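Below are the chains, spelled out letter by letter.
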Amino acid sequence: MNLNNLENKKRYLNIGIWALLHIALIVAVVLSYPWKIDRNLYSIVPESETSPEIHTAETVLAARTSSRIMLFVGDSDFTVAKTAAEKIGHTLLSSKQIESASWTVDPSSMKEISDYLFAERFALQDPSILQMDDSAAADYFYSKALSRIYGAFPTSDLSRLEEDPYLLSQNAQDRVLLGSPLTMSQMTLRDDYLVVEDSGRTYVFIQAKISMETSAFASEDHILGVLEDKIEALQKEYPGLRIEKSGVPFHSYSSSEQAQVEVAWISGISTVAVLLLLLLVFRSALPIVTTLASIGVAILAAIGATLATFHEIHIFTFIFGTSVIGVSIDYALHHFADREAQVKSMLLGFMTTELSYIALVIVDFPILRQMAFFSMVGLASALLSVLLVFPFVSEKMEGQGNFPLKIAQLALTGYSKLERIPKVARYIIFVVAAAALIPGFVKLSVQTDIRSMYTVAPELGASEMKVSQWMNMGIAPTYFIVSGDSEDDVLKKEEALTEKLRAAEKDSLLKSHLALSDILPSKDRRSRLNELLSKSLPIKYKELCKQLKMKPVKNAQKKLLTADESELNSGLESLPGQLQSMREMLWIGNVSGKYYSAVLPQHVSKDFNPKQYADPENGVYAVNKIDEVNGALTELSLTALSLVAFAYFAVFFILSFVYTWRDSLRVVRAPVLACVFTLSMFGYMEIPVNFFAITGLILVLGIGIDYALFFKDSRNHTDSTAFAVMLSAATTLISFGTLSFSGFAPVSVLGLSVLLGISVCFLLSPFTRD
């Protein structure tokens, strides 16, 4: 009786310790308030190796450009297209998630541009004239003015001819508007709408900017979801209506919406399958409820610890947290299915798994560190539940579960007797298998390409191609970031860069480029152009007036042919409203005391090498975000692969203090060979071994070594150990196997890696005993 009381007190003490630890964690979470859930998709990629200032400038530019959307609303009836565009535009403007939206052109804005071109006519002349002498420049402008007025197809605006006899403002218009890539699209102005005519339909252009605070993930109240519903309703009302869409937000929303549907289906199927399996095995709800409760507590503990430590948690950390379920459920199942299992095996398994996560923490990748920390805490909580709480639950169960199906019983019997295969047969199988794996290693490739991680929805991809064609968009993957000590310093450095790009255009290396300095020259260029014009224009002024039958103005050099002081000091604020969009696209602004802008090459050839035009010492950087991220992730992959080898060696080293070195080698043999098999299979399937595949291999070590440890200490209860391992492997393979069917490449690759690795660990673990 006293012994029973002592046992009861011990159990209640264990439960008290368990509760106290989790309560302490809750207090830490409360004290760490406020918390934040990071939904930023870009934060899952590592930072580039550029300087922090350039990286910040990149981030500002990416955030700005990735918040813009474009829609083209088309119908064979222009009135229908206008009506639908108005309704869509008002739907956008009515949302707090939209910063701005426009679908009409204010007639006064065209006059505003015209006034700007007139005011800046001296500064916006072709800079190539700076290579001419005064006489040549005079002949150039004289001939150009006459050809505009008396040419075969005169189209120039002559309303300001007396103030601008050389029609410099028309030259500026040709250069800024007609010659700009932004205005070389197929769009035309019709009834104050920008439209595109295509395949018998007239498409009305709508542009909008989504607030930076708006999540990229799909939700019920997301403006893009509301927009989809509105478009669907309009297409029912107007059957011939077509909508083409373009913009990063559409892709983020589409991929997250698809991911949510997949996660719901995959998690639902795997959960139902696991529950049915457990119910079939235990024929009791108690172990199932207890196991699920321990997993729930473990996940909550992991969330709490992560918030208390990092003060935020990334949405992808929750996805990675599925590994906590996969590992922690093993402890619970071994407790209920293998009553003879020793605590030592669980503790060793726990330590080796935590070591796997520690290997992830070492990697210089903040989001991965958070994921690993999340998993470490969750796993620790799950183990505490099994060791401190589950013994109390076990008393409530009358019997141990076993397979009620004959086929399953035969499989269990066969699995537990795998170790009895003769050694000669084992060696033959090993040699044949090793030879079969070699071709896979020959084809193996270790690299990460983020472009392969996202598959564009066919309809959205078709829309993007159409819009790109209409808008004449051909922005190269590599662009330039220009830095300077002041706004004017940046513009001056831009001009030096664009001179090189114009030379490249003549060599057909690219078709065009976008640069703010093309519409807003630096003070230095303004001054040099003004000096040239003030000397060259008066040379033929009187002769030009005679040809135009105009009376020359007295003191014309000062009044008409020279820019005044205010025109030499124009800044960003002087740009008209219709050109501010170009400023927002290209001007990054002040970052940590320095100023930055972007220059975008367009329609580049394969021979164009941006690095030849960069000059980092003078603040001109060639940036290719995709290549930088791919390089960083590939380097991380190689580092992680090295850490996998280190983790396996560290596990072997730790186990050698518990077992003999031969026994320790047998324990790590299964996960090591599983890793080798998985890498070879990736080579056979021609799937690059990326960072996420290697993460899966680390999980294989953490999960798979538990099977070997349980068999090592099974002694005289091999059947019950085999039963527990089969059950654990089944639940893990169901959980991660279903992930391999995901359309989201990182999740799919992670699931496939664990699926292949755990399958091999499962088959080889029984051989740990001999």
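What you see is a predicted model; the values in this text were computed from it and never measured. (Residues numbered from 1 in each chain as written. Predicted model: local features only at pLDDT ≥ 70, side-chain atom pairs only at ≥ 80, totals over all residues. Heavy atoms only, no water.)

**Student:** Could you clarify how one ought to interpret the overall build of the protein chain in this entry?
**Tutor:** The helix and strand tally for the protein chain stands at 26 helices and 13 strands. Burial statistics for the protein chain: of 770 residues in total, 50% are counted as buried. In the protein chain, of all internal contacts separated by at least 6 residues, the share reaching a separation of at least 24 is 82%. About 36100 Å² of surface is accessible on the protein chain, with carbon and sulfur atoms providing 61% of the total. (Helix = DSSP H or I, 4+ residues; strand = E, 2+ residues; numbered from the N terminus. Buried < 20%, exposed > 50% of the residue type's maximum accessible area, 1.4 Å probe, protein only. Contact = heavy atoms within 4.5 Å. Areas by Shrake-Rupley, 256 points an atom, 1.4 Å probe, with all protein chains shown as cover.)

**Student:** Could you clarify how one ought to interpret the side chain of S664 in this entry?
**Tutor:** Here S664 shows up in helix α23 (residues 661–684). With residues near it in sequence (within four places) discarded, S664 still touches F652, L655, S656 and Y659.

**Student:** Quick question: what am I supposed to make of the nonpolar core here?
**Tutor:** As a rule of thumb, soluble globular proteins bury nonpolar side chains together. Formed by 89 residues in total, the largest nonpolar core has its most connected members in F365, L655 and L727. A per-element tally of this core places helix α24 (residues 691–712) first, with 15 residues. Grouped together as the second largest cluster of nonpolar side chains are 43 residues, I54, L124, V591 and Y596 included. (Core = buried A, V, L, I, M, F, W, Y, C linked by side-chain atoms within 4.5 Å.)

**Student:** Please explain helix α4 (residues 107–119) as it appears in this structure.
**Tutor:** Helical geometry: 3.6 residues make up each α-helical turn, so side chains three or four residues apart lie on a common side. Here α4 spans 19 Å end to end across 13 residues, near enough to the 18 Å set by a 1.5 Å rise per residue. When we look at burial in α4, the residues that qualify are S109, I113, Y116, L117 and F118. (Expected span 1.5 Å × (residues − 1).)

**Student:** Explain the layout of surface pockets here, please?
**Tutor:** Once rolled over the atoms, a probe with the size of a water molecule shows which space is left empty. Estimated volume of the second largest pocket: approximately 920 Å³. Counting residues per element, the ones that place at least two in the lining of the second largest pocket are α15 (423–442), α23 and α26 (745–764). (1 Å grid on protein atoms, 1.4 Å probe; cavity = no way out; pocket = protein on both sides within 12 Å on 5 of 7 lines; lining within 4 Å. Points joined across faces, edges and corners; volume = space filled by probe spheres on them.)

**Student:** Sorry, what's going on with the pairing of strand β11 (residues 587–591) here?
**Tutor:** Along β11, four of the five residues are buried, which leaves the element largely enclosed by surrounding structure. Pairing of β11 with strand β12 (residues 594–604), which is carried by four bridges, proceeds in the antiparallel orientation. Paired with V591 across the bridge in β12 is K594. Between β11 and β12, which pair antiparallel and follow one another directly, the connecting turn spans two residues, one of which, S592, has a positive phi of 55 degrees. (Pairing = 2+ DSSP bridges.)

**Student:** How should I be thinking about unusual backbone geometry in this particular structure?
**Tutor:** Excluding glycine, residues mostly carry a negative phi; peptide bonds, for their part, are mostly trans. Unusually for a residue other than glycine, K549 sits at a positive phi of about 55 degrees. Considering the arrangement of structural elements, one finds K549 in the loop between α19 (541–547) and α20 (556–559). Accessibility expressed as a relative area gives 74% for K549, which makes it exposed. Look at H603: it is not a glycine, yet its phi comes out positive at around 55 degrees. Residue position: H603 is located in strand β12. Its relative accessible area of 27% is what places H603 among the partly exposed residues.

**Student:** Is there a simple way to think about a nonpolar patch on the surface in this case?
**Tutor:** Together, M351, F649, F653, I654, F657 and V658 line one region of the surface with nonpolar side chains, adding up to about 620 Å² of accessible area. Ranked by residues supplied to the nonpolar patch, first place goes to helix α22 (residues 625–655) with three residues. Inspection of the secondary structure puts F649 in helix α22. On the accessibility criterion, F649 (54% relative accessible area) is exposed. (Patch = residues over 30% accessible without salt bridge, like charges linked within 9 Å, V, L, I, M, F, W, Y side chains within 5 Å. Salt bridge = Lys/Arg side-chain N within 4 Å of Asp/Glu carboxyl O.)

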